[in-house]
Amino acid sequence: MKRNYIPFLLALILTPTIVFSQVGPGGVGNSADIESWLDATKLGLSNNDLVSSWTDFSGKGNHAEQSNSSFRPTFKTNQLNGLPAIQFDGTNDYLEYLSHITNSGITTFIVFKENASKNTQALLNIENHYFAARNVGGNSFNATYGSFSSINTLRISRTADFSIFSASTENNVGTADLYMTSGALKSTKSRTGYFTSTQSKVGVRVLSNAYHLNGLLSEIIIFDDKINSAKRKIVSAYLGAKYNLTPEQSLFAYGSAHGSEVFGIGQESDGSNTTAQGTGIVEISNASALGNGDYLLIGHDNGGLSTTTSVGSAYASNRFNQTWRADVTNTPGTIDIKFFLTGNNFAVDPANDYRLLIDNTTGAFDNSSISQSLTGTYNAIDETITFTGVALTDG
């Protein structure tokens, strides 16, 4: 009997036993440690629709909203890598979070492009952190700390086009390091006390409702503390592949064809991300040899979870249309790969019919290009199938 197959060009990543799945951006974090996740690609609006609410996808329900129709930004399609963004007019557009974000330690990521040059354009202002774009002495991303009478402004250069900005700092009321990235640029600054604000807003500085943003925002992610550098690099790689932008470190080289829902595992000297799922149906875990500088990231081609009979007849009768591709940095070892099949369970006998196909050559998944056909363990209760000890090579 021909089997049903789950195809891979290459495979995925790792995890020990955990309480919560890592379903945040890039497979990093979840609702327990993400304060807000605003993603324009998930809004489902039409071009030129006014945005009354930018939905929070962190699971906390902390949406950014605007009740006054005159102050609402505009949803614009096909702005970056074929994806939408939200346009702020530079005059009075802004959004306010339903709940004030009061974290002292944070890590934030912002995907931004200016429409017109202004001295200062506010991007994000929460209780203890204020981030802006400036055009004084060159284009820069700025982080502002201290008091209004004694401002401590930290900056990193940026391009005038779309780019990824991140900032990360620990929970420390006094002096502390602020790690900033702008694309592949990196800089560690020393910040002073917090620039306190009474509300949390997007596209405007809270104090005096000043410095309105004239530009486009695609995504804003706020973690509730300083995350380790491996997690930070994975989130940056997720954004880089999704939007075709330069990330902090090049960890996934297949974004042009497999840049959807990129997620991964990795480790650096200050910590690791050892299990990852992201927003898709695949989870990776249990890397056998994960060490500092090792990463395994996976993305898919957005082919969809319908099935096709385009597969080597010696191996299968049908497979998912969607294929996944792995980028392996250094030597993380073998991994476990779990598929969550609820709603997409296409086998007659799931316990015996599924195989994981790995094609290390063309991606055609024909008889000549399939290099591995692996059996897994099916769990009928949660409709998952797990493949253990999978060895993946880059590409």
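Residues numbered from 1 in each chain as written. Predicted model: local features only at pLDDT ≥ 70, side-chain atom pairs only at ≥ 80, totals over all residues. Heavy atoms only, no water.

Asks: Could you clarify how one ought to interpret the overall build of the chain in this entry?
Replies: Along its length, the chain carries three helices and 29 strands. A compact globule built from 395 residues would reach a C-alpha radius of gyration of about 21 Å, and the chain, at 22 Å, matches this within 12%. Here the C-alpha coordinates of the chain stretch approximately 75 × 45 × 35 Å along the principal axes. Classification of the 395 residues of the chain by burial places 55% in the buried group. Within the chain, contacts between residues separated by at least 24 positions form 68% of all contacts whose residues are at least 6 apart in sequence. (Helix = DSSP H or I, 4+ residues; strand = E, 2+ residues; numbered from the N terminus. Rg over C-alpha atoms; globule rule 2.2 N^0.38 Å. Buried < 20%, exposed > 50% of the residue type's maximum accessible area, 1.4 Å probe, protein only. Contact = heavy atoms within 4.5 Å.)

Asks: Got a minute to help me understand helix H1 (residues 229–243) in this structure?
Replies: Because each turn of an α-helix spans 3.6 residues, side chains separated by three or four positions in sequence point in the same direction. An ideal rise of 1.5 Å per residue puts 21 Å on 15 residues; H1 measures up with 21 Å between its terminal C-alpha atoms. Its side-chain oxygen 3.1 Å from the backbone nitrogen of Ala230, Asn228 forms the N-cap of H1. Positive backbone phi, at 60°, marks Asn244, one or two positions downstream of H1. (Expected span 1.5 Å × (residues − 1). Polar contact = N/O pair within 3.5 Å; in protein donor to acceptor, adjacent residues only side chain to side chain.)

Asks: I'm lost on the side chain of Asn30 in this one. Help?
Replies: Along the polypeptide, Asn30 turns up in the loop between strand E1 (3–8) and strand E2 (34–39). Asn30 sits in the buried class, given a relative accessible area of 7%. A polar contact of 2.9 Å, which involves the side chain of Asn30, links it to the backbone nitrogen of Ala32.

Asks: Please explain the pattern of salt bridges as it appears in this structure.
Replies: Think of it this way: side chains of opposite charge can pair up when their charged atoms draw near. Applying the stated criterion across every chain, the model contains six salt bridges. With a closest N to O distance of 4.0 Å, Lys113 and Asp161 form a salt bridge. With Lys113 in strand E8 (residues 106–114) and Asp161 in the loop between strand E12 (150–157) and strand E13 (163–169), this pair connects stretches of sequence that are 48 residues apart. Between Glu248 and Arg232 there is a salt bridge, and its shortest N-O distance comes to 2.8 Å. One end of the pair, Glu248, is in the loop between H1 and helix H2 (255–258); the other, Arg232, is in helix H1, with 16 residues separating them in the sequence. Judged on exposure class, the residue Glu248 and its partner Arg232 are both buried. (Salt bridge = Lys/Arg side-chain N within 4 Å of Asp/Glu carboxyl O.)

Asks: Honestly, the nonpolar core in this entry has me stumped. Any pointers?
Replies: Grouped together as the largest cluster of nonpolar side chains are 35 residues, with contacts concentrated most on Trp54, Val202, Leu217 and Ile220. With residues near it in sequence (within four places) discarded, Trp54 still touches Leu38, Asp39, Ala40, Leu43, His63, Ala64, Ile86, Leu95, Leu217, Ser218, Glu219 and Ile220. (Core = buried A, V, L, I, M, F, W, Y, C linked by side-chain atoms within 4.5 Å.)

Asks: Honestly, the sheet that holds strand E16 (residues 201–202) in this entry has me stumped. Any pointers?
Replies: Sheets are built from strands paired through backbone hydrogen bonds, the pairs being either parallel or antiparallel. Pairing in this open sheet of eight strands is antiparallel, and the strands run E3-E4-E7-E16-E9-E10-E11-E12 from one edge to the other. With partners counted over all chains shown, the strands left at the sheet margins are strand E3 (53–54) and E12, one partner each. Bridge count for strand E9 (residues 120–125) against strand E10 (residues 130–134) is five bridges, and the pairing is antiparallel. Bridge assignment links Ala122 to a residue of E10, and that residue is Ala132. (Pairing = 2+ DSSP bridges.)

Asks: What am I meant to see in the pairing of E9 here?
Replies: Regular strands have side chains that alternate between both faces of the sheet. Summarising burial for E9: six of the six residues are buried, a large majority. The antiparallel pairing of E9 with E10 creates a hairpin that spans four residues between the two strands. Strand direction decides the pairing type here: E9 and E16, joined by two bridges, are antiparallel. Residue pairing in the sheet places Asn125 in a bridge with Lys201 of E16.

Asks: Help me understand the packing of aromatic side chains in this model?
Replies: The description of two aromatic rings rests on the distance between their centres and on the angle between their planes. In total, this model carries 13 aromatic pairs according to the counting rule given. Arranged with centres 6.1 Å apart and planes meeting at 65°, the rings of Phe112 and Phe141 form a pair that is edge-to-face. Of this pair, Phe112 sits in strand E8 while Phe141 sits in strand E11 (residues 140–147), and the two are 29 residues apart along the sequence. Phe112 gets classed as buried once you look at its relative accessible area, which sits at 1%. Given the relative accessible area of 0%, Phe141 is considered buried. Site record: aromatic cluster; members linked through ring pairs are Phe320, Trp324, Phe339, Phe346, Tyr354 and Phe387. Taking the ring centre of Phe57 as reference, the NZ or CZ of Lys42 above it sits at 5.1 Å. Positioned above the aromatic ring of Phe141 is the side chain of Arg158, whose terminal nitrogen or guanidinium carbon lies 5.7 Å from the ring centre. (Phe/Tyr/Trp six-rings, centres within 6.5 Å; stacked < 30°, edge-to-face > 60°. Lys NZ or Arg CZ within 6 Å of the ring centre and 35° of its normal.)

Asks: Sorry if this is basic, but what is going on with the sheet that holds strand E28 (residues 377–379) here?
Replies: On the basis of which strands lie adjacent, the open sheet formed by four strands has the order E20-E25-E29-E28 and antiparallel pairing. With one partner strand each, in any of the chains shown, strand E20 (282–285) and E28 form the two edges of the open sheet. Adjacent strand axes in the sheet meet at a mean angle of 20° when their direction is disregarded. Two strands pair when backbone bridges link them, and strand E25 (residues 335–340) and strand E29 (residues 384–390) are joined in this way by five bridges, in the antiparallel orientation. By the bridge assignment for E29, Phe340 is matched with Thr384. (Axes fitted to C-alpha atoms, helices over the stretch in contact; angles between N-to-C directions.)

Asks: Sorry, what's going on with the environment of Phe131 here?
Replies: Turning to its location among the elements, Phe131 is positioned in strand E10. By relative accessible area, which is 0% here, Phe131 ends up buried. Not counting residues up to four positions away in its chain, the partners in contact with Phe131 are Ile106, Thr108, Ile110, Ala122, Leu123, Leu124, Asn142, Ala143, Tyr145, Phe165 and Ala167.

Asks: Sorry, what's going on with the environment of Phe339 here?
Replies: Here Phe339 shows up in strand E25. Using a relative accessible area of 0% as the deciding quantity, one classes Phe339 as buried.

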